[in-house]
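Spelled out from the first residue to the last, the chains are:
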Amino acid sequence: MGDISASYIHMVQHLIEKCLIFHMSKDECMEALSKHANIKAVITSTVWNELEKENKEFFESYTQSQSQPANTPDWISERETSLLGIRRCLCSGISD
């Protein structure tokens, strides 16, 4: 992991931010980036942890919102739609 470039880390951060837009958990994000962007889970986890340190209040609020159940019956279909969208974002995000 010592020879990872700053631009690669920046790309991973960008993809994590896209995962956050789709309300994904850390584990879901690690799985999605591993599967769709061929990024090792340990790298995603490390970058996520650094983002948490730098943005403590945001992640506290984000984690709290993740633990609350959805209030609308459309949540499942919205979630499925989001996961399809994240695949497209991940594929296009690699070339950004």
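Per chain, residue numbering runs from 1 following the sequence as it is written. Predicted model: local features are reported for residues with pLDDT of at least 70 only, side-chain atom pairs are reported and counted for 80 or more only, and whole-chain, interface and lining totals are derived from all residues. The side-chain numbers reported here are obtained from all heavy atoms of the structure, hydrogens and water having been left aside.

**What about the pattern of salt bridges?**
Note the following rule: Any Lys or Arg side-chain nitrogen located within 4 Å of an Asp or Glu carboxyl oxygen qualifies as a salt bridge. To qualify as a helix, a DSSP run of H or I must reach at least 4 residues; to qualify as a strand, a run of E must reach at least 2; elements of each kind are numbered from the N terminus. Exposure classes here rest on a 1.4 Å probe applied to the protein chains alone. A residue is buried below 20% of its type maximum, exposed above 50%, and partly exposed in between.
Taken as a whole, this structure holds 1 salt bridge when the rule is applied. The shortest N-O distance in the salt bridge between Glu-50 and Lys-53 comes to 3.1 Å. Of this pair, Glu-50 and Lys-53 both sit in helix H3 (residues 41-54), separated by 3 residues, roughly a single helical turn. For Glu-50, a relative accessible area of 36% corresponds to the partly exposed category. Since its relative accessible area comes to 61%, Lys-53 is described here as exposed.

**A short note on unusual backbone geometry**
In this structure, His-23 is a non-glycine residue whose phi angle is positive, near 60°. If you trace the backbone, His-23 turns up in the loop between helix H1 (6-21) and helix H2 (26-37). Note on His-23: relative accessible area 44%, which makes it partly exposed. A positive phi angle, close to 55°, is found at Asn-38, a residue other than glycine. The topology assignment puts Asn-38 in the loop between H2 and H3. With a relative accessible area of 69%, Asn-38 lands in the exposed category.

**Side note on the nonpolar core**
What counts here: The term nonpolar core refers to a set of buried residues drawn from Ala, Val, Leu, Ile, Met, Phe, Trp, Tyr and Cys, joined through side-chain atoms within 4.5 Å.
If you look at the biggest cluster of nonpolar residues, it comprises 19 residues, and the most contacted ones within it are Val-12, Ile-16, Leu-33, Ile-39 and Trp-48. Going through the elements one at a time, H1, H2, H3 and helix H4 (56-67) are the ones with two or more residues in this core. Residue contributions to this core peak at 6 residues, all from H1.

**Things to note about the packing of H1 against H3**
Condition: Orientation is described by axes fitted as lines to C-alpha atoms, over the contacting stretch for helices, and by angles from 0 to 180 degrees between their N-to-C directions. The scheme is simple: roughly parallel for angles under 35 degrees, roughly antiparallel for over 145, roughly perpendicular for 65 to 115, oblique for anything else. By definition, residues are in contact when any of their heavy atoms lie within 4.5 Å. Each residue is assigned to one of three groups, with Ala, Val, Leu, Ile, Met, Phe, Trp, Tyr, Cys and Pro labelled nonpolar, Asp, Glu, Lys and Arg labelled charged, and all others, Gly among them, labelled polar.
It is the contact of H1 with H3, at a shortest axis distance of 10 Å, that shows an interaxial angle of 75°. Relative to H3, H1 is oriented roughly perpendicular. Listed contacts from H3 to Tyr-8, Ile-9, Val-12, Gln-13, Ile-16 and Leu-20 of H1 are Ile-43, Thr-44, Val-47, Trp-48 and Leu-51. Taken together, the residues of the contact of H1 with H3 break down into 9 nonpolar, 2 polar and no charged.

**Considering the packing of H1 against H2**
Put simply, the rule reads: In this scheme the crossing of two helices becomes right-handed for a clockwise turn of the near helix relative to the far one and left-handed for an anticlockwise turn of less than a right angle.
Running from N to C, H1 and H2 cross one another at 125°; their axes reach a closest spacing of 10 Å. Looking at the two axes, H1 sits oblique to H2. In this structure, H1 crosses over H2, and the sense of that crossing is right-handed. Here H1 contributes Leu-15, Ile-16 and Cys-19 to the contact with H2, which in turn contributes Cys-29, Leu-33 and Ala-37. Looking at the contact of H1 with H2 residue by residue, the class counts come to 6 nonpolar, no polar and no charged.

No statement about biological role is implied by the geometric values presented.
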